Every structure is written in C-alpha cells, then in structure tokens.
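Chains, contacts and geometry: an overview
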Amino acid sequence: MSARPSSESSPLLSGSHTTVYVPEVPDHYAARTKVADGENDTDGTQKVASSPKSNTLILGNEHEIIKPKHTARPISKRKLAHHHKDKASRRRKRNTAYDEDDVLFRVSSVEQLSDEHSPGKRGGGRKRSSSNSGDERENPTGSRNRGQLKQKNKLTEIAYDALLHKGLPSFDVNQWMRGLFPIGIWLPQYNVRRDLVGDILAGITVGVLCIPQCIAYASVAGLPPIYGLYATLVPPLLYVMFGTSRELVYGPIAVTSLLVNSAVTLTYDPAIGEADYIQKTFNLSLLVGIVSLLLGIFRGGFIANFLSRPVLSSFLSVSAFIICMEQLKHICGTFPDRADKPYRSLANFLSTLHDTNRYTFFMSLGCMAALFVYKFASNRWRKLKPVPFQLILMAITILIAWGFDLKSKGMRLVGVLPTGLPPISTPSLDSDEIFSTLLVAVAIAMVSYISSVSVVNKYATEKKYKVDTNQELIALGVCNVVGAFFSSFPGAASVSRTAVNAQAGANSQISTAVAVLIVIGTLLLFTPLFTYLPYAVLGAIVIVASIDLIEFNVLQELWHTSKREAILWIVTFLSTMILGVINGVLIAAILSILLVVYRSSYPNIAILGRIPQTTLYKDVRRFPDALIIPGIVIVRFEASLYYANIDFLRDWLHQHQIDSAVRVYAIVMDCSSVNDIDSTARSVFKEIIHDLRQNKILLLLADIKGQLRDVLRGVGMDSYIGLDHVFWDVHTAVRYAK
C-alpha cells in the first residue's frame, strides 16, 4: 500500500512538521515514540511522534523515519524479589563469599540499565494510554515481540546470577591451567569409538618408523645409537601434555642433531672422551629448553620472523649438505679425524678414501638405491598406506651382516646396546659453558620453533582447528628441559614422521603415546637384535632423508626474481661451509637483520603520473602511458619515515631537482604508504621543507593517514607545513599546484 498525502499540507515542504499518512508500520520499521513538537533528543536526533490508532507519523525537519532498537518489558518487582531470594539461598548453600556492598551497587547499575529501556525512557517501549483501559498498553511496533522479551529477561537473569554468585571478576585458575596443559581441553572431549582405532594404527606406524631414524640421527649428533631411542621417550610424552597440535611428532631431526654435534665438539674435553661429550650434550639440551621457555613466556616467537626466507633456506641447505658429507665415512667405512670446520672434515675424509671398505660401500649403495625407489613410489602413489620400509631394510641388513659375518671383514656395526629404560642424567651449567654455547642454543631453539610452527600451522589449517604458537615454544622448552634429565638431546618436530602420522589416520596425540609404547617395548625386549646393525644403512637413511632439505631450486628462483637475495643465499652457504655451523648461524642472523635494515633504509620511491581520462596516479615505470605533468613532481615514498631513511629521501629529492630537464616548482608527496615518522625524521623533514622554500618549490602532502596526521598535529608540524598544503588525495593537490 502506498502512502496517501494529506490534504491539509504539502508533503515534506510546509511548516516545521509534515504529516504523512502511512499504512500500519511493521515491527522492524517502528519509529521511536517522541512528542511532536520538533525538539531534538539528547543525542541530536530529530524526534518523531507516532500514533498507533491513526497510523500517522509526524516527522521533523530531517524527513526520515528512524529505525530504533527493540526493547522488552522489564522484570516485575515481584519476580525480581523472588529471583533475589532464590539466588541468595543458593549462594548461602554454596558458601560463596562476596562483597555485599559492591554487589548491591552493581545490582543497582543493572536496574538502572533496565530502567533506561523501560516505559517512558527511550522510544519503542510500552507506556500507559490515558484513553485506554488499565490493561491496554500502547505499542507503536504494532504487536509485542515475545522473542525479544524472553531474550531481555534471560540477559537480566544472567546478569544478576553473575553478580550474586561470582561477585568481582577474578583470576580463573582452571582456565589458566587448561591453557598451560592443552591435554586438559582435548582429552575430556576425546571420542574413543571414533578416534582410537586410527590413533593406534598411526602410533604403531610412527613408532616403527622412528626407531631407525632416531638411531641414525643419534650418530649425526655424535652420540651412541641408543641415545636416539632415549630421546623418543620422555620428550614426546611431554609434548602430548603441553603441545597444541594433534599430529606433530616430536623427536630428533637432522638439523638440530648437526647443531648439537657442532656445539659440543667445541666444548667437550677429548681427554675425558665420550663420557664428557654425552654430559655436554645434556647440558646443551637444558640450555636450549631454558631459552625456549623464556621465549614462550615472554611471547618471543616473533624473533623467528627476522630470519628471512633466503637466509633460512640457505642455512638449512648447507646444514643438510654438511650432514650428508659427515655420513660419507659410514658410506665408505673409513675413520677420518673429527674436525671443527666442514671443509676440514671433507679434507680428512678425502685423505682416508683409499681405506674404503668395499663391503660397506656396496651395501650403502644398495640401501640408498632401495630408499630412493621407495621414496619415488611413495610420492607417485600417495594413496598407498605407509610401510615401515626403513625398518624392513634394517632387518635385511642385520641378517646379511650376521649371516656373512661382515664384522670380520671390516664392516662397522652398532654393537651391543644396553637394555632398559634411559638412566637419570644430571645436567649442570657453568658460566663459561653458557657463554660458549648460548648462541647455538638460541639457534637450535629457533630452528626447532620454525620447524614445529610450520608443521603445526599446515595441519591445523587443513583440519581447521586452532593452535597457539607461543604455547608451542613452551612445549618445546619443557621437552628439552625435562628431557635433559632423562638422557635426551635436543629435538624438534619431525616433518617426515608427522606426515606419516597424519597419513596413517592420527586424530590426536594419543598416536604419539602409542609410538612411545613401541619404543619402550623395543628398549626392553629387542635391543639385542641391533647388535649386527651396520652403520652403512644408518648413513644411507640419513643421506636420503637430508637431501630433501637442500633447496637449490630456491636459489634458482631467487636468481631470476631478486639478485640481491640470491647473493645473500650464496654468501650464507659459503660462510657456513668455510667458517663452521656455529659461525654460520651468527652470520645468517646478522645478514637477516642487515637485510631488514637495508630495505627500510633504502625503500622504493615511485614517481607517479596521471592515467589518461581518470584522476588516478600510478607509477610511471609500471604504467608507461601515465602522464607526467611538467614542473610538478608527484612522488610516493613507500615506507615509514625514520632516522635511517630520511636522509635517503632528502638526497633523492635534491638529485631529482638537479636531473630534471624542466624547472620544478611543486612537489606533491603521496603519503599513503607512510605510517609513522620519528623525531629525527621530523627534524630533517623540517629542513627539507625549509630548503624547498628557499628554492621557491612548493611541497604539498596528500593522502595522509590518521595516525601520521595525529603525530604531525601533536608536535605542531601541521602548522609548519601549512594546513592549506595538506590534501585528501593526490589529484586535489595537483590541481592546487597548477
């Protein structure tokens, strides 16, 4: 039905008010009930009057119907008193202590809030009509909205319940404990019938897989093979309690094992021998755990963001290359001397190459060929269920070494491994050891964190659940600190074992607990079977697993996209190879920071031109058709202004004035990319404005963000620049300059 104009007045034009006849107003378009004298509400809104009988709306000068919020009938005093009595009795039964004066004050605040939505307050409520009977109520919305009424009563009841039973907001210990121990969140919700079978199958698969890998990574760390199994007991169980990922498998990995080897080699006493080496490894694990805990507690995970992708890729690649190089002695069966630099290790290996054991060499080649074929088949047919091929290969080589008595022919075997659970260790740190290994401890903590977060985020995104990256740091710290007392060395998230765990159907960390049970059974029952295990197969497993970490394809990509980052990749790789892993970590960190400083000190400065037939201004290097206005330089500085780059801006402007073929009389600066300006930059910027005025060049600023505008206004620079020299957009500033 359309509105009928009144015969008494011209619609929307005559007088201070206009009467318009409308049909019955629906609930969701009801106007607020006001007196029709044209006065304004306290919030400045023009008042509207309505009569439900005649369906007449009297509008003010704004000529619009305002859509108000719905209100509901307040709780009656009788019901409220009954509510008070009932809740108070419950409170006394629970012996809940609270501040009565404070609660009464807060209850009165709730009543006041309720009164604001009561009759006679804001529009839309119900009020008594003098022309109707006592039971009738005016309702400009046409009919009572019972859903809104129930919701209002519900909210009021919840507010009173919260005030009477909880009182003042307090620290929730239970919530804090659930955040610290995520197992308290997911374990009560665990669906045994749905998830347990998948977790058991995945746990068995991962447990069988981690036995050969962890034994091999112990040799990378320079430890006896048994310590690889020790490192897969207590730390993974701790991650079950403290970690937030459902699929992550914690344990020894290649890169952290190499870092452990490099750090401990510099600090242990060769005169004491293997015992001191093992003790220093436990000390390093304790230090790495402390660093991770501190970073997690103080939310320091962002530090890993300073490791740029080229530097991190180069460091992981050179680490994998060094790992493969260190395994060549197991491939050939030689015994070169230990060295502190990778190139010296390579030289020592080459000097013993003539002592290669042919049985070891051919077994290593056969194992690597078999592993590469299995990897190719696994990548080609991804739907196939994972098979513990590495363990099968170890069993075959054990039988071959035992059957043909290869130990007597010079092949190096693992030998007798101790049976039983790991012994209790006692790590201890002194000041000299802390200072000598702190850098590598930070590096191990960062590499562990980056590896873990990448795995956690990948599977959390795929399966759509939330993770806490800072809690991951705390979990890694707890694993290393406690693991140092149970004969463990530093580890991280294993990408390969986590992928197998997810592919095998893991639904929670129960799968990790099952894998730990497999390792415990191996330590208690099956360690004598590893007596004839050749080091050749361990070296082959490590080499095949580490080759995937060498990312020469990243170097090729960087060479085509950014020569600067490609050179950074090469410098990191060569410096680590020549100076060692520890120095390589330091160089990688310094280069990452220098790259950030360089990019912020020399940001991109774009010269803008106007796109024909538009008011848009774009970079003339990317849009050759953009029109350059003679005498006006339109420039966009694509970074915040601070002490490291303000001189670069000044020099650029000065050089552009000299190189310009036409005399420059105005510079329009697009500030859309400038977020902030520090005190040094403000001082130099004043000098820039002064120099430009001396040369009779007008400086105009356009598209300034609110944050930058507040800073300039706060220090009085807006008046120094000139309020008439600041514009909303570039086009307006250009028109002013013309």
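These figures come from a predicted structure and were not determined experimentally. (Residues numbered from 1 in each chain as written. Predicted model: local features only at pLDDT ≥ 70, side-chain atom pairs only at ≥ 80, totals over all residues. Heavy atoms only, no water.)

**Quick notes on the pairing of strand β13 (residues 698-702)**
In terms of residue burial, β13 counts as a mostly covered element, since four of its five residues are buried. Of the strand pairs in this sheet, strand β12 (residues 666-670) and β13 are connected by five bridges, and their pairing is parallel. Bridge pairing in β13 places Ile-667 opposite Leu-699. In the sheet, β13 pairs with strand β14 (residues 726-727) via two bridges, with the strands oriented parallel. (Buried < 20%, exposed > 50% of the residue type's maximum accessible area, 1.4 Å probe, protein only. Helix = DSSP H or I, 4+ residues; strand = E, 2+ residues; numbered from the N terminus. Pairing = 2+ DSSP bridges.)

**Structural notes on the environment of Gly-184**
Inspection of the secondary structure puts Gly-184 in helix α5 (residues 183-186). Taking the relative accessible area as the measure of exposure, Gly-184 reaches 35% and is therefore partly exposed. Between the C-alpha atoms of Gly-184 and Phe-242, which are 58 residues apart in sequence, the distance is 9.5 Å.

**Digging into helix α16 (residues 431-463)**
For α16, built from 33 residues, the straight-helix expectation of 48 Å at 1.5 Å per residue is met to within 8% by its first-to-last C-alpha distance of 45 Å. At Thr-437, α16 shows its maximal kink, close to 50°. Remark: Lys-464 follows α16 within two positions and exhibits a positive phi of approximately 60°. (Expected span 1.5 Å × (residues − 1). Bend = angle between axes of the 7 residues up to and from the residue.)

**Concerning the packing of aromatic side chains**
Following the criterion strictly, the structure yields 14 aromatic pairs and no others. With 5.4 Å between their ring centres and 85° between their planes, Tyr-227 and Tyr-230 make a pair best called edge-to-face. Highlighted residues: Tyr-227 and Tyr-230, both in helix α7 (residues 226-230), separated by three residues, approximately one helical turn. Taking relative accessible area as the criterion, Tyr-227 reaches 14% and is therefore assigned buried. With a centroid separation of 5.2 Å and 85° between ring planes, the pair formed by Tyr-268 and Tyr-277 is classed as edge-to-face. For the pair formed by Tyr-268 and Tyr-277, the shared burial category is buried. By way of ring pairs, the aromatic residues Phe-321, Phe-552, Trp-569 and Phe-573 are connected into one cluster. (Phe/Tyr/Trp six-rings, centres within 6.5 Å; stacked < 30°, edge-to-face > 60°.)

**What to know about the pattern of salt bridges**
Opposite charge on two side chains permits pairing when their charged atoms draw close. With the rule as written, the count across this model stands at ten salt bridges. When the shortest N-O distance is used, the salt bridge between Lys-280 and Asp-276 registers 3.1 Å. Taken together, the residues Lys-280 and Asp-276, both in helix α10 (residues 274-297) and four residues apart, mark about one turn of the helix. Judged by relative accessible area, which is 11%, Asp-276 ranks as buried. A salt bridge links Arg-621 to Asp-619, with the shortest nitrogen-to-oxygen separation between them at 3.4 Å. (Salt bridge = Lys/Arg side-chain N within 4 Å of Asp/Glu carboxyl O.)

**A closer look at a nonpolar patch on the surface**
Together, Tyr-343, Trp-559, Ile-567, Ile-570, Val-571, Leu-574, Ile-578 and Leu-579 make up a nonpolar patch on the protein surface, roughly 700 Å² of accessible area in all. Here the element with the most residues in the nonpolar patch is helix α22 (residues 563-579); it accounts for six residues. Relative to the helices and strands, Ile-578 resides in helix α22. (Patch = residues over 30% accessible without salt bridge, like charges linked within 9 Å, V, L, I, M, F, W, Y side chains within 5 Å. Areas by Shrake-Rupley, 256 points an atom, 1.4 Å probe, with all protein chains shown as cover.)

**Observations concerning the layout of surface pockets**
Roughly 1600 Å³ of volume is contained in the largest pocket. Taken together, 44 residues make up the lining of the largest pocket; nearest its centre are Val-495, Ser-496, Ala-499, Ala-545 and Asp-548. Elements with a minimum of two residues in the lining of the largest pocket: α6 (192-220), α9 (254-267), α11 (309-326), α14 (358-380), α15 (389-403), α16, α18 (495-503) and α20 (535-547). Among the elements that make up the lining of the largest pocket, the one with the highest residue count is α16 (seven residues). When the residues that make up the lining of the largest pocket are grouped by side-chain class, the tally is 27 nonpolar, eleven polar and six charged. Considering only enclosed or pocket space, the second largest pocket measures out at about 890 Å³ in volume. (1 Å grid on protein atoms, 1.4 Å probe; cavity = no way out; pocket = protein on both sides within 12 Å on 5 of 7 lines; lining within 4 Å. Points joined across faces, edges and corners; volume = space filled by probe spheres on them. Nonpolar A, V, L, I, M, F, W, Y, C, P; charged D, E, K, R; others polar.)

**Quick look at the sheet that holds β13**
Across the sheet, which stays open at both edges, the six strands sit in the order β10-β9-β11-β12-β13-β14 with mixed pairing between neighbours. Bordering the open sheet on either side are β10 (617-619) and β14, each of which pairs with just one other strand. Most of the contacts of helix α25 (residues 679-694) go to β13, to which it runs at about 135°, and overall it touches β12 and β13. Where helix α28 (residues 730-737) meets the sheet, it contacts β9 (605-610), β10, β11 (632-637), β12, β13 and β14, and its direction lies at approximately 160° from that of β13. (Contact = heavy atoms within 4.5 Å. Axes fitted to C-alpha atoms, helices over the stretch in contact; angles between N-to-C directions.)

Taken by themselves, the reported measurements are silent on function.
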